[in-house]
Structure formats: structure tokens, C-alpha cells
Amino acid sequence: MSKTVLGIILGGGAGTRLYPLTKKRAKPAVPLGANYRLIDIPVSNCVNSNVTKIYCLTQFNSASLNRHLSQAYNSSVGAYTSRGFVEVLAASQSNVRKEWFQGTADAVRQYMWLFEEAMRDGVQDFLILSGDHLYRMDYKEFVRKHRDSGAAITIAALPCDEKRASAFGLMKIDDEGRVIEFAEKPSGDALKAMQVDTTVLGVDAKTAAEKPYIASMGIYVMTANVLKELLENHMPTANDFGNEVIPEARKMGYPVQAYAFQGYWEDIGTIEAFYNANLALVKTDGSANFSFYDKEAPIYTMSRFLPPSKVLQDVVVRNAIIGDGSNIKARSRVSNSIIGLRSLIGEDVVMEDTLMLGSDYYETVEECAWVPGCLPMGVGNGSHIRKALIDKNARIGERVQILNKDNVQEANREAEGFMIRDGIVCVIKDSVIPSGTVI
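About the criteria used
- Residues numbered from 1 in each chain as written.
- Predicted model: local features only at pLDDT ≥ 70, side-chain atom pairs only at ≥ 80, totals over all residues.
- Heavy atoms only, no water.
- 1 Å grid on protein atoms, 1.4 Å probe; cavity = no way out; pocket = protein on both sides within 12 Å on 5 of 7 lines; lining within 4 Å.
- Points joined across faces, edges and corners; volume = space filled by probe spheres on them.
- Nonpolar A, V, L, I, M, F, W, Y, C, P; charged D, E, K, R; others polar.
- Buried < 20%, exposed > 50% of the residue type's maximum accessible area, 1.4 Å probe, protein only.
- Helix = DSSP H or I, 4+ residues; strand = E, 2+ residues; numbered from the N terminus.
- Pairing = 2+ DSSP bridges.
- Contact = heavy atoms within 4.5 Å.
- Core = buried A, V, L, I, M, F, W, Y, C linked by side-chain atoms within 4.5 Å.
- Polar contact = N/O pair within 3.5 Å; in protein donor to acceptor, adjacent residues only side chain to side chain.
- Salt bridge = Lys/Arg side-chain N within 4 Å of Asp/Glu carboxyl O.

**Student:** So, empty space enclosed by the protein: which residues are in play, and what are the values?
**Tutor:** Here the structure, examined in full by the defined rule, presents one cavity of 30 Å³ or more. When its volume is computed, the largest cavity comes out at roughly 40 Å³. Lining the largest cavity we find Pro-31, Ala-34, Asn-35, Tyr-36, Arg-37, Arg-304, Leu-341 and Lys-392. Along the lines of polarity and charge, the residues of the lining of the largest cavity split into four nonpolar, one polar and three charged.

**Student:** Pulling in residues and values, what's your account of the pairing of strand β17 (residues 333–339)?
**Tutor:** Taking burial as the measure, the seven residues of β17 include five buried ones, the bulk of the element. Here β17 runs beside strand β19 (residues 350–352); their pairing, made up of three bridges, is parallel. Looking across to β19, one finds that Ser-335 is bridged to Glu-352. Taken together, the two bridges between β17 and strand β20 (residues 355–356) define a ladder with parallel strand orientation. Counted as the bridge partner of Ile-339 is Met-356 from β20.

**Student:** Could you give an account of the environment of Leu-32, with specific residues and numbers?
**Tutor:** Examined against the element boundaries, Leu-32 turns out to sit in strand β2 (residues 31–32). Along the backbone, Leu-32 and Tyr-275 are 243 residues apart, and their C-alpha atoms lie at a distance of 9.6 Å. For Leu-32, the contacting residues outside a window of four places in its chain are Arg-37, Leu-38, Ile-41, Leu-134, Ile-268, Phe-274, Asn-278 and Phe-292.

**Student:** Which residues make up the nonpolar core, and what values go with them?
**Tutor:** Core analysis: the biggest nonpolar cluster contains 67 residues, and Leu-69, Leu-127, Tyr-135, Phe-142, Phe-274 and Leu-389 have the highest contact counts within it. Leave out the neighbours within four places in its chain, and Leu-127 touches Val-5, Leu-6, Gly-7, Ile-8, Cys-46, Val-51, Tyr-139, Phe-142, Tyr-220 and Val-221. In this structure, Leu-6, Val-196, Met-235 and Phe-241 belong to the second largest nonpolar core, which totals 49 residues.

**Student:** Give me the lowdown on the pairing of strand β28 (residues 424–427), citing residues and values where you can.
**Tutor:** Residues Ile-424 and Cys-426 of β28 are buried on one face, and the alternating residues Val-425 and Val-427, pointing to the opposite face, are buried as well. Pairing of strand β23 (residues 388–390) with β28 involves three bridges; the strand directions are parallel. What sits directly across from Ile-390, in β28, is Val-427. Bridge count for strand β27 (residues 418–421) against β28 is four bridges, and the pairing is antiparallel. By the bridge assignment, Phe-418 is partnered in β28 with Val-427. The antiparallel pairing of β27 with β28 creates a hairpin that spans two residues between the two strands, and Asp-422 there sits at a positive phi of about 55 degrees.

**Student:** Hey, could you go over the layout of surface pockets for me, with residue numbers and the actual values?
**Tutor:** Roughly 1400 Å³ of internal volume is contained in the largest pocket. It is helix α11 (residues 241–251) that contributes the most residues to the lining of the largest pocket, five residues altogether. Looking at the lining of the largest pocket residue by residue, the class counts come to 22 nonpolar, 19 polar and nine charged.

**Student:** Hey, could you go over the side chain of His-133 for me, with residue numbers and the actual values?
**Tutor:** Structurally, the position occupied by His-133 is in strand β7 (residues 133–135). Judged by its relative accessible area of 6%, His-133 falls in the buried class. Looking at His-133, its side chain comes within polar contact range of the side chain of Trp-265, at 3.3 Å. The contact partners of His-133, leaving out residues within four places of it in the chain, are Ile-41, Met-217, Ile-219, Trp-265, Glu-266, Asp-267 and Ile-268.

**Student:** Which residues make up the pattern of salt bridges, and what values go with them?
**Tutor:** For the structure shown, the criterion picks out 28 salt bridges. The salt bridge partner of Asp-132 is Lys-27, with a shortest N-O separation of 3.1 Å. Taken together, the residues span a long stretch of sequence, with Asp-132 in the loop between β6 (125–130) and β7 and Lys-27 in the loop between β1 (5–10) and β2 at a distance of 105 residues. Neither Asp-132 nor Lys-27 differs from the other in exposure class; each is buried. Between Lys-429 and Asp-360 there is a salt bridge whose closest N-O contact spans 3.4 Å. Taken together, the positions of Lys-429 in the loop between β28 and β29 (432–433) and Asp-360 in the loop between β20 and α13 (365–368) put the pair 69 residues apart, joining distant regions of the chain. Since its relative accessible area comes to 30%, Asp-360 is described here as partly exposed. In the salt-bridge network here, residues are joined through shared partners; they are Arg-17, Lys-27, Asp-132 and Asp-267.

**Student:** If you had to explain unusual backbone geometry to someone new, which residues and values would you point to?
**Tutor:** A cis geometry characterises the amide bond from Tyr-19 onward to Pro-20, with omega recorded as 15 degrees. By the element assignment, Pro-20 lies in the loop between β1 and β2. The phi angle at Asn-319 is positive, at roughly 50 degrees, despite the residue not being glycine. By the secondary structure assignment, Asn-319 is in strand β15 (residues 316–322). We classify Asn-319 as partly exposed; its relative accessible area is 25%. Of note, the phi angle at Asp-430 is positive, near 70 degrees, even though the residue is not glycine.

Here is the structure:
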């Protein structure tokens, strides 16, 4: 795997669905689960599957992503014998191409000249991944099924029930698991027509009866020379894998195979999905389907060498994850929340159903003096916050109430340091919310 498979993570475009989290960072660099970033999910899955040659293609704000990957992974996957690496490929113009990435397929096409070098070094298959999914997967089995089936393209497929199926692109398969039809978010009779027998993909009979549809996860294994031929010769103007390249390849006679993935998988590319997936990590009712704790397949990230978190007198913490290096002061209450790295929470603070991403650095008194009123990063004394997403380095003053009592679903108050997306108050990175503010 380390010599014959190249991992290509598609970092996405401007990340408008995750805005304002993507205002100052690429989508794969968005923090996740207190200590991690989105990019850690596909990279960790690759490392655990012995895929050690990994590129991440992105178009916007790639500086923090590049820094994170270089510090987190290259020392562990790179060696003289394995020649492993994790690198960012940012969109760029050349004498041949003057356009930015036009889509997923176009991004791969524009860097095919670089991927050809990997092919000359023995790479046989491209593992195409997305940078905004939450799941744990062994790609070794995925690639093995691709090779054993003789397919040109293999699509990871998620068995799902009728309620969930209408939100995805669905596939229909034959008795050997070959894809014979695609349908994008069908409904009514068109949806019922996409039912399949997933037992041919190895799904047990009970699950197959409960989930008779298979949705594309946007994860593919593609034979390297076939993809090169498709993108450069047969479809030189196609921009998207899911809507253009793969359906056309099937029509041209290339074998397209489905591979059933039966674990937890969630697309966290929207504010609501991102918020819900994070807070699901602290649920105690047994509904939390993903955990970062797995000694057989750990999720890796950058070593920051931060001190343990400090929780002071009479603090109550209930159903919460506290990131490294945080400080929660006296008499504060934190419930159903995730507190990110280096977070500072003052005295008598109440935080409920909140995702706080933390800070990029510790601030000295001298640095704080540059801020009007010396408002420190974190949450000030006596503040009450509910159902909020607080981005990094935010400065929330004392006695601030972020409660959204009127249940506003959408509001753009970016000039004031916050937005409301899907009913969730999002405090923007590096913003200042003055003392006494009520949202």
C-alpha cells in the first residue's frame, strides 16, 4: 500500500457552507473535537492503512493547513526507505493553465503532471478522499476489493434508509456490485426505483432490509492510468467526479464498482452538521457513534506539548470534553460542551451546548494591552452562553449573554463579530464581543 497507493485529499473550495469558520482558514484546517482538525481524519485513516504518500489539494487560505500538516505528520511518515509525505498542493496558475480549480476532477487534472511522478515510482491506484467527513475506515480493504473486482473505479457506498437516502446521490448495482445507474437526490417513485439488494456487497440480511439504498460517500479508488486517460483524453473539460467523470466513465464501458462501508460516516461540511457532530461526542445516551479513542486506529494530530487543563474551585463540568491547556475558573458551569485548546473561561460563567474552539496561543499581559480595554481571549466573568460556536482567539467580555432567545435562524452581523447560521450563534475568529452584550 505504501508504494502502490497515492492518497489525494480534496480540500474543497471557499467553504461557504462552513463560513465563518472558513473566513481565515482552509476547510480542512477547521478545528474538530477540542484537539484536532478536520484534515486529521482522512490523514489518520491513510496512515493507519499504510498509505503514506498523501497530497491535500486546496484553493483558499492554505497557510495554517500547510503548517499543521508539516508539523504533525512529515516527521512520522517520511523516511529514506518509505519516502512518505503529507503535503498541501494549493491552486496556482501556470503558462499552460490560467484558471483556478474548477471542481474536484479539474483539481486532480491540474496536478496530474505531479501525480505522474508517483506513477513512475510504482503507484497503481489513486485514493480520492474528502476533507470534511467524520469517519474511521480501513482503506486496505477498500483498495483490495477494488483490485480483486477488476474495476477501473470503486465508489465507497453507505447503506441508508429511505428517510436519509433522498439527501444523497444514490447508485443502483447489479448482482456483482457493478454500478449501473446514478440518481442525484431522488424522491417519490424515482427514489423507490433506486432500491438495491446490498447483500451482494457483503451487508447482512437484516441491515440490507432496513437500508435498501446505497449513497455515494464521495470516496473513490481509481486505477491511476485509467484516471489519467479519462481526465486528459476523454473528458478534458469535465470538472466534477461525482456528476461528470464517473457517470460518463460507466457509459464508456469502464467497470465501476460499489464498496459497502458499514461504519459511522457523517458529512460535516455545514455549520449545523459540524456543530451536531462535535456535540455528539459528549452524549452519554449511547447515540455517540464516533470516538477519537481507538488504540487500533487512533486519530493523530500535532503534538503541542501543552500543560494539563486546570479546573478551579466549585466548577461543575458535565458531559464535556476539555482540550489541553485550558483554564476554567471558580464557580463556572460547563455542560454538553466542547472546550478547545488553551481556552480561558472566567468565574461564574455558564456554558451550555457550546462548541468553543480555543486559542492559537497564550497571551501575556503585555500582549493584551494592545487590545482596547485589555479584553483577554476567552470568556469573561459572569457570561452565559448557550448553543453557540465560538471560533479561536475570540474575546468575549464580562456579563455577556449569548442565548438567541428569539430563536433567530439566520443573521449576518459580521461587523459586530458574530453571525447566526442554522440557529447557532457563531462568534467569528479574532472578534471582540464587548462586556454586557446581549445576543
